[in-house]
Every structure is written in C-alpha cells, then in structure tokens.
Amino acid sequence: MNLTLSPEGDLSFESALVSLHDLRPVLNDHPLEDYYLAPAPHPRPFSPTGRGESLRYSAPALGNATFVVEVEKPLGEAPSTYYLLRYWLEGLDDDLILDSFGLRFERVENLRAYLRHGYFSWDGSFYVEPEAMGDFEDYEARPETGYGMTQLLPSGSGIPMPRGSGIPMPRARLEPRAADPVLVQVRVTPGGEGAAVFIFNVGDLLVQRTYSLASLGLSGPLHVFEWTADRAWPQPVEQLSLTLPAHEGALLFLSPSPIAAAPEQFP
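This one's a predicted model, so the numbers in the text were calculated from it and none came from an experiment.

A. Summary view of the packing of aromatic side chains. Scanning the entire structure with this criterion turns up 6 aromatic pairs. Ring geometry for F67 versus F101: centroids 6.0 Å apart, planes at 80°, classification edge-to-face. Here F67 is found in strand β7 (residues 66-72), whereas its partner F101 is found in strand β9 (residues 101-109), with 34 residues between them in sequence. With a centroid separation of 6.0 Å and 15° between ring planes, the pair formed by F198 and F200 is classed as stacked. For the pair F198 and F200, one class covers both residues: buried.

Below is the structure:
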C-alpha cells in the first residue's frame with residue numbers, strides 16, 4: 001500500500017486491491033471548500049511511512065476550528081499491511097452548529113461492493129454495489145446512505161478480510177452464491193420475556209417469509225404489535241409471517257402480555 005499527499009493536502013491510499021484518492025474533510029454533510037493545511041503545533045515533515053503524522057485542515061466553514069486527520073502505521077507492521085486513520089475537530093467556536101463530520105474520497109478505484117451499516121442495529125448491514133446505483137429512481141430510498149462502512153470488496157477475486165478474522169487475506173476468495181435478501185434483527189428485553197424484531201427486504205422483489213419464534217431464540221406464544229403498521233395482532237403467535245415489498249421492512253414488538261399501543265422505546 002502506498003500513501004501519498006499532494007501539495008494541496010489531498011491524501012490518497014493506493015493498493016493492488018482498492019485505492020482511495022483525494023481525501024476531503026466533510027462538515028455537516030458538505031465537503032470543505034477553500035480548505036488549506038494549517039501549521040501543526042509541533043511540525044514535522046509528512047512521511048509515507050505514516051508513523052503518527054497529522055494533517056490539520058482549516059477552512060472558512062470551520063471558523064477557528066481545525067479538522068485533524070491522523071495517519072498511523074502500527075509499530076512492527078510491514079509497509080504493505082495497513083494504516084490506522086483517525087480524525088477529529090479541535091477548537092470549535094461556541095456558535096458553530098455541528099450536526100456531523102467525516103471524510104470523503106473524491107475517487108475510488110477497483111471497488112466492487114462495500115459493507116454498509118445503519119446508525120441503529122435496526123437499519124441492518126448489507127453489501128452495496130456502486131455500479132448498481134444507476135438503476136434507482138429518484139423516489140426510491142438509496143441503500144448506499146448509512147452510518148458507516150467497515151469492509152471494501154475489490155473487483156476480482158481477492159477480499160480484504162477484517163483484521164482478527166483469522167482468514168489470511170491471500171487465501172480469501174469471493175465465491176458467487178445465492179443470498180437471502182431479507183435481513184432479520186432481534187433484540188431481547190433485559191428480562192428475556194419480550195423482544196423487538198426488525199425484518200427488512202433489501203431485494204428488488206416482493207418476498208414472503210415465515211419465522212418460528214424458536215428459530216429467533218424466543219419462547220412463544222407471544223403477543224405482537226406491528227409498529228410499522230401501527231396495529232396489534234389479534235392473537236398470540238408461535239411464528240411470524242410477513243409479506244414485504246422491495247426495500248421495505250417491518251418492526252415488531254413481542255411480549256407475553258397484550259400490547260395495546262406502540263412502545264415509546266426499544267427494549
């Protein structure tokens with residue numbers, strides 16, 4: 001992996017798998033404009049070895065604040081292994097409205113798909129293929145929007161596995177297989193009697209699914225309140241049967257006793 005920095009402060013990571021070019025700090029959903037690299041309190045030359053170098057961005061939108069990006073290569077790691085990338089804000093003005101901040105790469109090469117995560121576990125985690133984004137209409141919810149991503153899959157056969165997975169990267173291969181487009185999330189109450197279940201169809205077709213409570217790790221029968229339809233099911237059940245349109249989901253609350261109204265919080 002090669003790490004480069006342009007005179008304008010654009011940071012890039014280049015590798016034989018996926019390359020990320022021209023990093024841009026993002027503030028409140030907008031890339032910083034007219035930014036420049038501010039002097040560091042303890043300046044030192046930027047080095048592609050990446051042993052703790054910090055880039056300090058200033059811009060009119062930041063006011064007196066500084067957007068700091070730190071790149072570090074853990075000691076003892078080979079040059080081609082991996083880098084740690086951290087970022088934060090310093091010196092925020094009291095009147096600066098901060099909704100969100102993050103990083104954006106202007107150009108990504110050799111990317112087949114990435115693993116998208118939602119802000120809550122109910123949002124699900126699933127792979128998104130950027131090349132398929134052109135098929136979405138303006139009125140459809142776009143699946144690439146999420147809270148974060150943790151894995152990039154390159155075009156071809158190699159897969160970068162998360163560190164600690166126990167699978168050596170050179171031996172990991174992408175094998176096509178049928179995938180169920182329905183995601184299921186289960187959250188059990190602290191006492192273990194009730195639960196919240198979120199079922200989401202990430203596919204492009206209407207699907208019907210039936211899950212026994214036992215397969216979800218729950219003991220029935222249980223009463224159900226379907227939050228997305230704002231209704232209680234008439235009888236306690238031993239299984240959940242749902243029909244889901246494309247890109248839609250259902251949030252269900254389950255309890256040993258009847259639920260007359262939507263709960264105000266998750267278990």
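B. Examining the nonpolar core more closely. If you look at the biggest cluster of nonpolar residues, it comprises 19 residues, and the most contacted ones within it are L218, L240 and L254. Of all elements in the fold, only β14 (195-201), β15 (207-212), β18 (239-244) and β19 (249-255) reach the threshold of two or more residues within this core. Contact partners of L218, with chain neighbours within four places excluded, come to V186, V188, A195, V197, L213 and L254. Core analysis: the second largest hydrophobic core is formed by 17 residues, L11, Y57, L62 and F67 among them.

C. Here's a closer look at the sheet that holds strand β17 (residues 231-232). Pairing within the open sheet is antiparallel, and its 5 strands lie in the order β13-β14-β19-β16-β17. In this open sheet, the two strands that pair with only one neighbour each are β13 (182-188) and β17. Both β13 and β14 contribute to a ladder of 7 bridges, which runs antiparallel. Bridge pairing links V188 to A195 in β14.

Parameters and conventions
- Throughout, residues of each chain are indexed from 1 in the direction in which the sequence is written.
- Local features in this predicted model are restricted to residues whose pLDDT is 70 or higher, and side-chain atom pairs enter the listing and the counts only when it is 80 or higher, whereas totals over whole chains, interfaces and linings include all residues.
- Excluded from the side-chain calculations are hydrogens and water; all other atoms, namely the structure's heavy atoms, are used.
- Only Phe, Tyr and Trp rings are paired, with Trp represented by its six-membered ring, and only when their centres lie within 6.5 Å; those with planes under 30 degrees apart are stacked, over 60 edge-to-face, the remainder tilted.
- A run of H or I in DSSP becomes a helix once it reaches four residues, and a run of E becomes a strand once it reaches two; helices and strands are each numbered from the N terminus.
- Exposure categories follow from relative accessible area, calculated using a 1.4 Å probe and restricted to protein chains: below 20% of the type maximum is buried, above 50% is exposed, and the middle band is partly exposed.
- Definition used in this section: a nonpolar core is a set of buried Ala, Val, Leu, Ile, Met, Phe, Trp, Tyr and Cys residues joined via side-chain atoms within 4.5 Å.
- Note on contacts: a residue pair qualifies if any of its non-hydrogen atoms lie within 4.5 Å across the two residues.
- Strand pairing is assigned whenever DSSP detects at least two bridges linking the two strands.

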